[in-house]
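Coordinate inspection notes
The lines below spell out each chain.
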Amino acid sequence: MKHNFGAGPCILPKEVFQQASEAVIDFNNTGLSILEISHRSKEFEAVIDEATQLVRELLAVPQGYSILFLQGGASLQFAMAPLNLLPEGGKAAYLDTGVWATKALKEAKKFGTVDVVASSIDKNYSYIPKGYSIPSDAAYFHYTANNTIYGTEVFEKPATELPVVVDMSSDIFSREINVADYDLIYAGAQKNMGPAGVTLVVVKDDILGKSGRVLPSMLDYKLHIDGGSMYNTPPVYSIFVSMLNLRWLKAKGGVAVLEQENIIKARALYDEIDRNPLFKGTAAVEDRSRMNVTFVMDTPELEAEFLTLAKERNLIGIKGHRSVGGFRASIYNALPLSSVNALIDAMKEFEDTHKL
């Protein structure tokens, strides 16, 4: 058995893979592949309707919010959010907690002034800044909920009266949130929702149409809402597989159940990192991500040897990002506790063979 700790595109449940592969040959007994059916067909309309309803149910999305399935990844949202929300000559507030937060604020600077309220770059993004002030005259406040590269996560929405925009690409559906606390949520699918190719957007309707900008049609949330996520041909297969995965999540008991499983998985791995004298975590303890566990070795020369052992034990994708080094274990929803335990066993085995 392979244990896939890849940061994304990531592991999905085996039953989702099975159902998705069957639909490539024959979708819903139509005699056609899901890859060739019309996005205007009643069969696909049923798919996107169910996917929308599952998002609304699993996240408890209140009335007054629209749910969109778009393309372009979170990277397109870095530009789309300020285009729709930042008036000409306006200002937005951004929290800088890593590579993706930096990319987001750089895009926003193309459309107005950006006030970086705080940054953790001074310690290589190993913590979440606290105690900062958010200017009251900003059009909105933006932050990145989980930082896949550096292994930090924001668990509580920062206090502000401003509209809040959040990138939840790597922790959406991993823990319960109050959608009403946010005005715009966006998330690339390829961590906890589905395969790469579709981006989830949950947007409060009454914040739109106020920027005063003339927007390109493909970058206008209102046009996508009016078109039911089908202003142009949507990513049919990615939406379909996401729907299957959301069905699986619902059958598991919903986000609350997955959150408890994720807490157990993360706690077990962090406990071993803290116990094992050969390893140490890189993120501040209070800000440790439940999704991406980053750690290194006290003796860096041993890291290549541990990666060799990991490969022998079928532990895939644990090499750390070059910005941090060491190791990164991504433990998204579909990764079972047994895989986390397999990694822990390998760490203990390595310790036993390298005792001082």
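Residues numbered from 1 in each chain as written. Predicted model: local features only at pLDDT ≥ 70, side-chain atom pairs only at ≥ 80, totals over all residues. Heavy atoms only, no water.

**Describing the overall build of the chain**
Scanning the chain from N- to C-terminus turns up nine helices and 14 strands. Against the globule reference of 21 Å for 356 residues, the chain gives a C-alpha radius of gyration of 21 Å, in line with a compact fold. Based on the C-alpha atoms only, the size of the chain along its principal axes is roughly 65 × 55 × 30 Å. Counting only residues that meet the buried cut, the chain has 56% of its 356 residues in that class. Restricting to contacts in the chain with at least 6 residues of sequence separation, those with at least 24 account for 67%. Total accessible area computed for the chain in this model is approximately 15,100 Å², and 52% of it derives from carbon and sulfur atoms. The centroid of the 35 positive side-chain charges in the chain is displaced by 3 Å from the centroid of its 43 negative side-chain charges. (Helix = DSSP H or I, 4+ residues; strand = E, 2+ residues; numbered from the N terminus. Rg over C-alpha atoms; globule rule 2.2 N^0.38 Å. Buried < 20%, exposed > 50% of the residue type's maximum accessible area, 1.4 Å probe, protein only. Contact = heavy atoms within 4.5 Å. Areas by Shrake-Rupley, 256 points an atom, 1.4 Å probe, with all protein chains shown as cover. Lys, Arg positive; Asp, Glu negative; His and termini not counted. Charge placed at Lys NZ, Arg CZ, Asp CG, Glu CD.)

**Here's the deal with the domain arrangement of the chain**
Entries for the chain in the domain assignment read domain 1 (14–252) and domain 2 (254–353). Measuring from the centre of the C-alpha atoms in domain 1 to the corresponding centre in domain 2 gives 27 Å. Between domain 1 and domain 2, the residue contacts involve 27 residues of the former and 27 residues of the latter. In total, about 2,200 Å² of surface goes out of reach between domain 1 and domain 2, with carbon and sulfur atoms giving 53% of it. On the domain 1 side of the interface with domain 2, the three residues burying the most area are Ile149, Gly151 and Lys252, jointly 22% of the side's total. (Domains from an automatic or database assignment. Buried area = accessible area lost by both parts, 1.4 Å probe.)

**Some details on the UniProt feature "domain: Aminotransferase class V" (unreviewed entry) in the chain**
Annotation from UniProt places "domain: Aminotransferase class V" (unreviewed entry) at residues 4–342. For residues 4–342, helix accounts for 33% and strand for 17%, while the C-alpha atoms at its two ends are 11 Å apart. (UniProt positions renumbered as here; feature names shortened; annotations may be inferred.)

**A short note on the packing of aromatic side chains**
With the rule as written, the count across this model stands at 13 aromatic pairs. Ring geometry for Tyr94 and Tyr140: centres 5.8 Å apart, planes at 65 degrees, overall edge-to-face. Of this pair, Tyr94 sits in strand β3 (residues 91–96) while Tyr140 is found in the loop between β4 (113–119) and β5 (141–144), placing the two residues 46 residues apart along the sequence. Pair check on accessibility: Tyr94 and Tyr140 agree, each one buried. A ring pair is formed by Phe279 and Phe295, whose centres lie 5.9 Å apart and whose planes are at 65 degrees; its orientation type is edge-to-face. One end of the pair, Phe279, is in strand β11 (residues 279–281); the other, Phe295, is in strand β12 (residues 292–297), with 16 residues separating them in the sequence. Neither Phe279 nor Phe295 differs from the other in exposure class; each is buried. Feature note: the residues Phe279, Phe295, Phe306, Phe327 and Phe350 constitute an aromatic cluster, connected by ring pairs. We note Lys123 situated over the ring of Tyr127; from NZ or CZ to the ring centre the distance is 5.9 Å. (Phe/Tyr/Trp six-rings, centres within 6.5 Å; stacked < 30°, edge-to-face > 60°. Lys NZ or Arg CZ within 6 Å of the ring centre and 35° of its normal.)

**What to know about the sheet that holds β12**
In spatial order, the strands read β11-β12-β14; together these three strands make up an open sheet with antiparallel pairing. Edge strands, defined here as strands with exactly one partner in the open sheet, are β11 and β14 (327–330). Between one strand and the next, the sheet's axes are offset by a mean angle of 35 degrees, whatever the strand orientation. Sheet topology note: the β11/β12 ladder contains three bridges and is antiparallel. Its bridge partner lying in β12, Lys280 is registered against Val296. (Pairing = 2+ DSSP bridges. Axes fitted to C-alpha atoms, helices over the stretch in contact; angles between N-to-C directions.)

**Description of helix α1 (residues 14–25)**
Between its first and last C-alpha, α1 extends 17 Å over twelve residues, near the 16 Å set by a 1.5 Å rise per residue. Val16, Ala20 and Ala23 are the residues of α1 that are buried. For α1, the angular spread of buried residues about the axis comes to 60 degrees, placing them on one side. Counted as exposed and oriented over 90 degrees from the buried face of α1: Lys14 and Ile25. (Expected span 1.5 Å × (residues − 1). Arc of directions from axis to C-beta.)

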